[in-house]
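Structure assessment
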Amino acid sequence: MKILERYILKENLKPFLVSLSVITFLLLLDHLIDLLNLIIDKHLDLLTVGWIFALSLPFIMALSVPMSVLTASIMSFGRLSTDNELVAFKSCGINIYTLLRPTVIAALFLSIFMIYFNDRVLPEANHQLKNMYIKANARRPISVLKPGVFTELKNYTIYVKEHVGDEMLGIIIYNQEDRKFPQTITAERGRILLSNGGNSLRATLYNGEMHVIDPTDNDRYEVRTFKRFVLNIPDLGFSQQEISTEYRGDREMSTKEMKGRIVENEQNIVAAHDEIADLRQKIAAMEKMGRTEENVKELKKNRNLLNIKLNKVGDMQKDIRVYEVEIHKKYAIAFACLIFVLVGAPVGMMTRTSGVGMSFSVSSFVFLVYYIALIGGEELADRGYMSPMLSMWVANILLGIAGIILILLSVREQRFINLNIFKEKLGKLLRLT
């Protein structure tokens, strides 16, 4: 029996590795387009590009691993069915449950590993990736000077009408270094160069004006014209080594960290409810008093304060739902590996498909339905229309039930759908058109 288990696992391992490579690569392609734009705009070095790629992999693999399990299950059990090996196993007294056992056990261990991966590796990678993007975007601040957009750099707000080659046309610079007496600089054209690793800026402007207020006489407004003017900004605060943030969103936290935030928010909500109750009593008492000018002002103040407290409670409740959704999502996506074996194995046996294209098409459709249900459930739970636990597990529950039904049908040797007939009819239809 151990020989049979090793054989089944071997039949699943190769398509799993191939599927994992292909699916991860395809998912990376979408990310690659955004990264290429960043490389071109920011002139990133190879080391930074490599780190961004490496830190992007955990998020992609959190999705590609379950999908690869589904594809591998369809391919491996489809091949066993196509080559009539299932018939041979059954004639030897080996049932479907015995054939599924090694794959299910392997998927269970993979799900346990993915729980650790999604809870520990993925959040840290997401946090580091966010900081890498912050550093990359800050490294070349000149690249963020988009035509028709006001851009803030340190104490300056810069507007550029259009780019023509290396020159910029229609430049407006609002200098707020002196908050009391800011100045406006306009120029027909100019060039902006960077130095000190992109942390210092030198703007050479031509044919422009400088609008300033006389500090000795605030009513006096001066306009100075220039043919050439050089503006130096020595420290933009965009040092690559210094730019980072310790703030973590829900996708950058472990389960333990999010549970800590949930407890903290729950404690704050209890304290806020006490304050709200006191304010309501105070407002009720003031409404019974005479409507003096002072009383009306105080009543309005307390009502505004009550609304602020209520909104704050609503925000904290929303944060709790977001954290609870993310916690359940980590586990639900991890256990999708096990669920997809229950679905993929009988689908492969019943459809008798072992080709890569057909297996990938079927698995893509199943995963698309699963992912839409997951994202839809997340949105409903974040808005409070659905329980966070149910919203994240409903797709697993429904697919798990469907997988068990399909396995029972496979045991009875009932075919769910013949994809070969569908493929033939589709081919005929295409030839007719």
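Structural notes, computed from the coordinates.

Brief notes about the overall build of the chain
- Along its length, the chain carries 9 helices and 6 strands.
- Residues classed as buried in the chain amount to 42% of the 433 residues present.
- For the chain, long-range pairs separated by at least 24 residues make up 69% of all intrachain contacts whose partners lie at least 6 apart in sequence.
- Within the structure as shown, the chain displays about 24700 Å² of accessible surface, and the carbon and sulfur contribution to it stands at 60%.

As for the packing of aromatic side chains
- For the coordinates displayed, the defined rule picks out 8 aromatic pairs.
- With a centroid separation of 6.3 Å and 15° between ring planes, the pair formed by phenylalanine 367 and tyrosine 371 is classed as stacked. Residue phenylalanine 367 and its partner tyrosine 371 are located together in helix α7 (residues 356-382), separated by 4 residues, close to a single helical turn.
- Overall, the relative accessible area of 33% leaves tyrosine 371 in the partly exposed class.
- Grouped by ring-pair contacts, the aromatic residues Phe340, Phe367, Tyr370 and Tyr371 constitute a single cluster.
- The ring of tyrosine 206 carries the charged tip of arginine 189 above its face, separated from the ring centre by 4.5 Å.

So, the layout of surface pockets
- Here the second largest pocket defines a volume of roughly 420 Å³.
- Contributing to the lining of the second largest pocket are 19 residues, with Phe59, Asn126, Arg251, Glu326 and Lys329 lying nearest its centre.
- Those elements giving two or more residues to the lining of the second largest pocket turn out to be α2 (46-82), α4 (96-139), α6 (293-351) and α7.
- Among the elements that make up the lining of the second largest pocket, the one with the highest residue count is α4 (6 residues).
- Its residues placed into classes, the lining of the second largest pocket shows 10 nonpolar, 2 polar and 7 charged.

Structural notes on a nonpolar patch on the surface
- Together, Val18, Val22, Phe25, Leu26 and Leu29 make up a nonpolar patch on the protein surface, roughly 410 Å² of accessible area in all.
- Note on placement: phenylalanine 25 falls in helix α1 (residues 2-42).

With respect to the environment of alanine 107
- By the element assignment, alanine 107 lies in helix α4.
- Looking at alanine 107, the relative accessible area reads 4%, which means it is buried.
- Considering only alpha carbons, one finds alanine 107 and isoleucine 339, 232 residues apart in sequence, at a separation of 8.6 Å.

So, the environment of serine 76
- If you trace the backbone, serine 76 turns up in helix α2.
- A relative accessible area of 2% means that serine 76 is categorised as buried.
- Sequence separation of serine 76 and lysine 14 is 62 residues, and the distance between their C-alpha atoms is 8.9 Å.
- Sequence-distant contacts of serine 76, defined by excluding residues within four places in its chain, comprise Glu11, Asn12 and Pro15.

A few points about the packing of helix α5 (residues 255-287) against α6
- Interhelical geometry of α5 versus α6 gives an angle of 160° and a closest axis separation of 9 Å. When the axis of α5 is compared with that of α6, the two are roughly antiparallel. Between α5 and α6 lies a crossing whose hand is left-handed.
- The class makeup of the residues in the contact of α5 with α6 is 18 nonpolar, 7 polar and 14 charged.

Focus on α5
- With 33 residues, α5 should reach 48 Å at 1.5 Å per residue; the first-to-last C-alpha distance of 47 Å fits that figure.
- Where α5 is concerned, the buried positions are Thr255, Met258, Ile262, Asn265, Ile269, Ala272, Ile276, Leu279, Ile283 and Met286.

Considering the nonpolar core
- Within the largest apolar cluster, 24 residues are counted, with the highest numbers of intra-cluster contacts made by Phe340, Val347, Val366, Phe367, Tyr370 and Leu399.
- With 9 residues, α6 is the single largest residue contributor to this core.
- Tyr156, Met168, Leu205 and Leu231 belong to the second-largest nonpolar core, a separate cluster that totals 19 residues.

Quick word on α6
- Here α6 contains 59 residues, and its C-alpha end-to-end distance of 80 Å stays within 8% of the 87 Å for a straight helix at 1.5 Å per residue.
- Maximum bend of α6: about 35°, positioned at cysteine 337.

What to know about the pairing of strand β1 (residues 150-153)
- Only one face of β1 is covered, namely the one carrying Thr151 and Leu153; the face carrying Phe150 and Glu152 has none of its residues buried.
- Sheet topology note: the β1/strand β2 (residues 156-164) ladder contains 4 bridges and is antiparallel. Each bridged residue has a counterpart across the sheet, and for threonine 151 the counterpart in β2 is isoleucine 158.
- Between the end of β1 and the start of β2, which pair antiparallel, lie 2 residues, with lysine 154 showing a positive phi angle near 55°.

Focus: the side chain of asparagine 302
- Tracing the chain through its elements places asparagine 302 in helix α6.
- In this structure asparagine 302 comes out as buried when scored by relative accessible area, which is 4%.
- Polar contacts involving the side chain of asparagine 302 include one to the main-chain carbonyl oxygen of glutamate 298, which spans 2.8 Å.
- Not counting chain neighbours up to four residues away, the residues in contact with asparagine 302 comprise Leu279, Lys282, Ile283 and Met286.

Re the packing of α6 against helix α8 (residues 388-411)
- Running from N to C, α6 and α8 cross one another at 10°; their axes reach a closest spacing of 8 Å. The orientation of α6 with respect to α8, classified from their angle, is roughly parallel.
- Residue composition of the contact of α6 with α8, grouped by class: 21 nonpolar, 6 polar and 3 charged.

Observations concerning the pattern of salt bridges
- According to the stated counting rule, one finds 13 salt bridges in the structure shown.
- Its salt-bridge partner being arginine 79, residue glutamate 85 comes within 2.9 Å of it at the nearest N-O pair.
- Judged by its relative accessible area of 21%, arginine 79 is partly exposed.
- The structure contains a network of salt bridges with shared partners spanning Arg251, Glu326, Lys329 and Glu378.

Thresholds applied
Residues numbered from 1 in each chain as written. Predicted model: local features only at pLDDT ≥ 70, side-chain atom pairs only at ≥ 80, totals over all residues. Heavy atoms only, no water. Helix = DSSP H or I, 4+ residues; strand = E, 2+ residues; numbered from the N terminus. Buried < 20%, exposed > 50% of the residue type's maximum accessible area, 1.4 Å probe, protein only. Contact = heavy atoms within 4.5 Å. Areas by Shrake-Rupley, 256 points an atom, 1.4 Å probe, with all protein chains shown as cover. Phe/Tyr/Trp six-rings, centres within 6.5 Å; stacked < 30°, edge-to-face > 60°. Lys NZ or Arg CZ within 6 Å of the ring centre and 35° of its normal. 1 Å grid on protein atoms, 1.4 Å probe; cavity = no way out; pocket = protein on both sides within 12 Å on 5 of 7 lines; lining within 4 Å. Points joined across faces, edges and corners; volume = space filled by probe spheres on them. Nonpolar A, V, L, I, M, F, W, Y, C, P; charged D, E, K, R; others polar. Patch = residues over 30% accessible without salt bridge, like charges linked within 9 Å, V, L, I, M, F, W, Y side chains within 5 Å. Salt bridge = Lys/Arg side-chain N within 4 Å of Asp/Glu carboxyl O. Axes fitted to C-alpha atoms, helices over the stretch in contact; angles between N-to-C directions. Parallel < 35°, antiparallel > 145°, perpendicular 65-115°, else oblique. Left-handed = near helix turned anticlockwise from the far one by under 90°. Expected span 1.5 Å × (residues − 1). Core = buried A, V, L, I, M, F, W, Y, C linked by side-chain atoms within 4.5 Å. Bend = angle between axes of the 7 residues up to and from the residue. Pairing = 2+ DSSP bridges. Polar contact = N/O pair within 3.5 Å; in protein donor to acceptor, adjacent residues only side chain to side chain.

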